[in-house]
Amino acid sequence: MSDFKKLGVSDDNLADLMLFYVETGLEFINDFGDINESFYSSLERTYVQALTLMSKNGLLEKFANRAEKVMTDTSDIGWGFHDYIAQVYIDFYADYLDDI
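My aim in this report is to walk through the structure given alongside it, one point at a time.

What counts, and at which threshold
- Residues numbered from 1 in each chain as written.
- Predicted model: local features only at pLDDT ≥ 70, side-chain atom pairs only at ≥ 80, totals over all residues.
- Heavy atoms only, no water.
- Salt bridge = Lys/Arg side-chain N within 4 Å of Asp/Glu carboxyl O.
- Helix = DSSP H or I, 4+ residues; strand = E, 2+ residues; numbered from the N terminus.
- Buried < 20%, exposed > 50% of the residue type's maximum accessible area, 1.4 Å probe, protein only.
- Core = buried A, V, L, I, M, F, W, Y, C linked by side-chain atoms within 4.5 Å.
- Contact = heavy atoms within 4.5 Å.
- Expected span 1.5 Å × (residues − 1).
- Arc of directions from axis to C-beta.
- Phe/Tyr/Trp six-rings, centres within 6.5 Å; stacked < 30°, edge-to-face > 60°.

Considerations on the pattern of salt bridges
Side chains that carry opposite charge are capable of pairing whenever their charged atoms lie near each other.
Then, in step 1: By the definition in use, this model includes four salt bridges.
Then, in step 2: Here Glu-23 and Arg-66 are joined by a salt bridge, their closest N and O atoms 2.9 Å apart. Separated by 43 residues along the polypeptide, Glu-23 in helix 2 (residues 11-32) and Arg-66 in helix 4 (residues 64-73) bring together distant segments of the chain.
Then, in step 3: Its relative accessible area of 21% is what places Glu-23 among the partly exposed residues.
Then, in step 4: Its relative accessible area of 26% is what places Arg-66 among the partly exposed residues.
Then, in step 5: The structure contains a network of salt bridges with shared partners spanning Asp-16, Glu-23 and Arg-66.

Section: unusual backbone geometry
Then, in step 1: Positive phi is not limited to glycine here, since Trp-79 has a value of about 60°.
Then, in step 2: As for its placement among the helices and strands, Trp-79 is situated in the loop between helix 4 and helix 5 (81-99).
Then, in step 3: Overall, Trp-79 belongs to the exposed group, its relative accessible area being 75%.

Here we look at the nonpolar core
Then, in step 1: Core analysis: the biggest nonpolar cluster contains 28 residues, and Tyr-47, Leu-51, Met-54 and Tyr-93 have the highest contact counts within it.
Then, in step 2: If sequence neighbours within four positions are ignored, Tyr-93 has contacts with Leu-51, Met-54, Leu-60, Phe-63, Ala-64 and Ala-67.

As for helix 3 (residues 37-56)
Then, in step 1: Along its 20 residues, helix 3 runs 29 Å from first to last C-alpha, staying within 8% of the 28 Å computed at 1.5 Å per residue.
Then, in step 2: Residues of helix 3 that are buried: Tyr-40, Ser-42, Leu-43, Glu-44, Thr-46, Tyr-47, Ala-50, Leu-51, Leu-53 and Met-54.

Regarding helix 4
Then, in step 1: The set of residues buried in helix 4 consists of Ala-64, Ala-67, Val-70 and Met-71. The buried residues of helix 4 occupy one face: seen down the axis, they fall within an arc of 130°.

Quick word on the packing of aromatic side chains
Then, in step 1: Counted according to the given criterion, the structure contains five aromatic pairs.
Then, in step 2: Ring centres 4.7 Å apart and planes at 45° place the aromatic pair Phe-28 and Phe-32 in the tilted group. Of this pair, Phe-28 and Phe-32 both sit in helix 2, four residues apart, which is roughly one turn of that helix.
Then, in step 3: The exposure class assigned to Phe-28 is partly exposed, which follows from its relative accessible area of 39%.
Then, in step 4: Residue classification places Phe-32 among the exposed positions, given a relative accessible area of 58%.
Then, in step 5: Ring centres 6.3 Å apart and planes at 80° place the aromatic pair Phe-39 and Tyr-40 in the edge-to-face group.

Put into structure tokens, the structure is as follows:
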């Protein structure tokens, strides 16, 4: 991702790539089963970075459906992964959820 940032892409495109990375990681987990801790940690970090970037640039609403799908798609994944992703989602989207 750092190479992608160096290209001077928009925050919108960077957020899109970061979410795609997490979404692809979740597909990998669903296809191949449990992975190691560093894999989950990488997805967690990228999800937080993506939502932080979106929050700073007013993009949370634009990516709300995908961010929520990431959260719901982790519901069957253990090791505290879903709990962490769900809490991050709530932390960033609490105001958005109140408006629904």
